[in-house]
Amino acid sequence: MKQKAPETYVQMDDMEWAPFPEAFCDGPIKWRLLNTSPEMGSWTAVFDCPAGTSFAAHFHTGPGEYFLYEGKMDIRGGVENGGDSAFAPGYGYESSGARHDQTSFPIDSKFYMTFLGPLAFINPDGSVIANVGWQEAEAAWDAFLQSR
Ligand code: ZN
């Protein structure tokens, strides 16, 4: 019989916020890595997105689920521009392959998200700049912890 993966727990307020890499966002977005699951190929994080910040263009290689617990998130430009907007408290499911060229936060916002498979940051032509899967997320988080 295979071993079960270990159970984990983190006390979020005891964690520091790490700056999210500048290459992947515009403005001072911060994040906390809560979990990675090699067996699922998933990673789970919370993001602190001050008013006026945005994520760089990306697509979701696998599906993802989020819970916006504070603020507002405009996806694909927001409802005013033909996309969607999430208002806290709001839940969203991003399908595998969902492409998000414009994800922005008009007011201070925070959300929790689990990504199944890598988040692929892309050029305007859709070519991939970087894949951020559980291993890359964990490496970035570990580098942050060791830099303190
Ligand atoms: Zn997205």
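Just above sits the structure.
Residues numbered from 1 in each chain as written. Predicted model: local features only at pLDDT ≥ 70, side-chain atom pairs only at ≥ 80, totals over all residues. Heavy atoms only, no water.

(A) Summary view of the sheet that holds strand E9 (residues 84-87). The antiparallel open sheet is built from 5 strands, whose spatial order is E2-E5-E12-E8-E9. In the strand order of this sheet, the two ends are held by strand E2 (25-26) and E9, each with one partner. As paired strands, E2 and strand E5 (residues 53-55) are joined by 2 bridges and run antiparallel to one another. When the sheet's bridge partners are listed, Asp26 is paired in E5 with Ser54. (Pairing = 2+ DSSP bridges. Helix = DSSP H or I, 4+ residues; strand = E, 2+ residues; numbered from the N terminus.)

(B) Region of the structure containing the coordination of the zinc ion. Those protein atoms acting as donors to the zinc ion are His58 (NE2), His60 (NE2) and His100 (ND1), and they sit at 2.1 Å. Counting residues between consecutive donors of the zinc ion along the chain gives the motif H-x1-H-x39-H. Note that His60 is positioned in strand E6 (residues 58-60) and His100 in strand E11 (residues 99-100), a separation of 40 residues in sequence. (Donors = N, O, S within 2.8 Å, 3.2 Å for Na, K, Ca; no water.)

(C) The nonpolar core, seen in detail. The biggest cluster of nonpolar side chains holds 31 residues, and the ones touching the most others in it are Phe20, Trp31, Trp43, Phe47, Phe55 and Phe111. Every element with two or more residues in this core is listed here: strand E3 (30-37), strand E4 (42-49), strand E7 (64-70), strand E8 (72-75), strand E13 (109-116), strand E14 (119-122), strand E15 (128-132) and helix H1 (134-147). (Core = buried A, V, L, I, M, F, W, Y, C linked by side-chain atoms within 4.5 Å. Buried < 20%, exposed > 50% of the residue type's maximum accessible area, 1.4 Å probe, protein only.)

(D) Just the sheet that holds E6, in detail. Strand order across the open sheet formed by 4 strands is E11-E6-E14-E15, with antiparallel pairing between neighbours. Sheet topology places E11 and E15 at the edges, where each strand pairs with a single neighbour. Both E6 and E11 contribute to a ladder of 2 bridges, which runs antiparallel. Following the sheet pairing, Phe59 is matched in E11 by Arg99.

Honestly, it's all geometry; don't read function into it.
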